[in-house]
Amino acid sequence: MRIGDAAAAAGMTARALRYYEEHGLVIARRTPSGHRVYEPEDVRKLRTVRELLDAGLTVGDIRSFAPLLDALPPDGIPELFFAQRGARNGDGDGLADGPAGPGPEQHCRTATEVARRRPADLDARIERLTRLRGRLARRLGEPAREPGRVAPYGRALRE
């Protein structure tokens, strides 16, 4: 399928699809005339990327374990964060790393580590933004408010 159809099937714009392709999260085949062509597996992968982004991961986070996206079963997001049992490098030691680089177990460990770090990073960013918001509110003469209270868009929270 062409880029517009693949993007629609994945629930995104063609521009977003190109962006994810630019970052190596999906690789399209090309026709002899140079048009991108996507397979159903690419759409599944793009949906997974979208779901991971919606969960709070970044494109950089996902790039760190992008090779694992090809191995995920449909609806396999939970599987992403658990090492695949039985992955071996051929010499019987149970390690998935080999001459070709990290295997599925290492990618799963990487995905888990990245996902576990993200909430702490989000907490730090929220704390920083809360301080910035408080500073701006004080300069505007708005009353202080308790942390964790979110005002509706465009209005100050007034009690």
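Each value, and the rule that gives it
- The residue count restarts for each chain, going from 1 along the sequence in the order it is written.
- Owing to the predicted nature of the model, reporting of local features is limited to residues with pLDDT of at least 70; listing and counting of side-chain atom pairs is limited to 80 or more, with chain, interface and lining totals taken over all residues.
- No hydrogens and no water enter the side-chain calculation; it runs on all heavy atoms of the structure.
- Secondary structure elements are taken from DSSP: a helix is a run of H or I of four residues or more, a strand is a run of E of two residues or more, and numbering for both begins at the N terminus.
- Note on classification: 1.4 Å probe, protein chains only; a residue is buried when its accessible area is under 20% of the maximum for its type, exposed when over 50%, partly exposed between these limits.
- Throughout, a residue-residue contact means that at least one pair of heavy atoms, one from each residue, lies within 4.5 Å.
- Using a 1.4 Å probe, the Shrake-Rupley method yields the accessible areas, and only the shown protein chains count as cover for residues.
- In this scheme Phe, Tyr and Trp rings, the latter by its six-membered ring, pair at centre separations within 6.5 Å, and the angle between planes marks the pair as stacked below 30 degrees, edge-to-face above 60, and tilted otherwise.
- Buried residues of nine kinds, namely Ala, Val, Leu, Ile, Met, Phe, Trp, Tyr and Cys, make up a nonpolar core once their side-chain atoms join them within 4.5 Å.
- A carboxyl oxygen of Asp or Glu within 4 Å of a side-chain nitrogen of Lys or Arg is what we treat as a salt bridge.
- We define a polar contact as two N or O atoms separated by no more than 3.5 Å, with the added condition that, inside protein, one atom must be a possible hydrogen donor and the other a possible acceptor, whereas residues neighbouring each other in sequence contribute only through side-chain atom pairs.
- Regarding the arc, it is the one traced by the directions from the helix axis to the C-beta atoms.
- Every residue carries a pLDDT, the predictor's confidence in it, which falls somewhere between 0 and 100.

Enquirer: Sorry if this is basic, but what is going on with the overall build of the protein chain here?
Expert: The helix and strand inventory of the protein chain stands at 7 helices and 2 strands. A buried classification covers 31% of the 159 residues belonging to the protein chain. Considering only contacts within the protein chain whose residues lie at least 6 apart along the sequence, 50% involve residues at least 24 apart. Counting every atom, the protein chain has about 10,700 Å² of accessible surface; 53% of that belongs to carbon and sulfur.

Enquirer: Help me out: how do you make sense of the packing of aromatic side chains in this one?
Expert: Centre-to-centre distance and the angle between the planes together describe a pair of aromatic rings. Within the structure shown, the criterion is met by 1 aromatic pair. Ring centres 5.9 Å apart and planes at 65° place the aromatic pair Tyr19 and Tyr20 in the edge-to-face group.

Enquirer: Would you explain the nonpolar core in this entry?
Expert: For soluble globular proteins, the rule of thumb is that nonpolar side chains tend to be buried together. Of all hydrophobic cores here, the largest spans 26 residues; its most connected members are Met12, Leu17, Tyr20 and Ile62. Those elements giving two or more residues to this core turn out to be helix H1 (3-10), helix H2 (14-22), helix H3 (40-54), helix H4 (59-63), helix H5 (66-69) and helix H7 (104-140). Considering each element in turn, this core owes the most residues, 5 residues, to H3. Setting aside residues no more than four positions away along its own chain, Ile62 makes contact with Leu25, Val49, Leu52, Leu53, Leu57 and Leu69.

Enquirer: What should I look at first to understand the pattern of salt bridges in this one?
Expert: Pairing between side chains becomes possible if they bear opposite charge and their charged atoms approach one another. Tallying each qualifying case throughout the model produces 9 salt bridges. For Arg50, the salt bridge is made with Asp54, and the minimal N-O distance between the two is 3.2 Å. Of this pair, Arg50 and Asp54 both sit in helix H3, 4 residues apart, which is roughly one turn of the helix. Arg50 sits in the partly exposed class, given a relative accessible area of 27%. A salt bridge links Asp61 to Arg118; the shortest N-O distance between them is 2.7 Å. Taken together, the residues span a long stretch of sequence, with Asp61 in helix H4 and Arg118 in helix H7 at a distance of 57 residues. One continuous salt-bridge network, built from bridges that share partners, spans Asp61, Arg118, Asp121 and Arg125.

Enquirer: What am I meant to see in the side chain of Arg44 here?
Expert: Positionally, Arg44 belongs in helix H3. Among the polar contacts made by the side chain of Arg44, one reaches the main-chain carbonyl oxygen of Leu69 at a distance of 3.2 Å.

Enquirer: Help me out: how do you make sense of H1 in this one?
Expert: An α-helical segment advances 3.6 residues per turn. Residues three or four places apart therefore align on the same side. All of the buried residues in H1 are Ile3, Ala6, Ala7 and Ala10. Along H1, the residues classed as buried sweep out an arc of 100° about the axis, all on the same side. Turning to H1, the residues buried within the fold contact H2, strand S2 (36-37) and H3. Positioned one or two residues after H1, Gly11 has a phi angle of 80°, which is positive.

Enquirer: Got a minute to help me understand the confidence of the model for the protein chain in this structure?
Expert: For any part of a model where pLDDT is low, the fine detail of the predicted coordinates should not be relied upon. Summary statistics for the protein chain give a mean pLDDT of 78 and a share of 69% for residues scoring 70 or more. Considering only residues more than four positions removed or in separate chains, one finds that residues 83-100, a stretch of pLDDT under 50, has 28 contacts.

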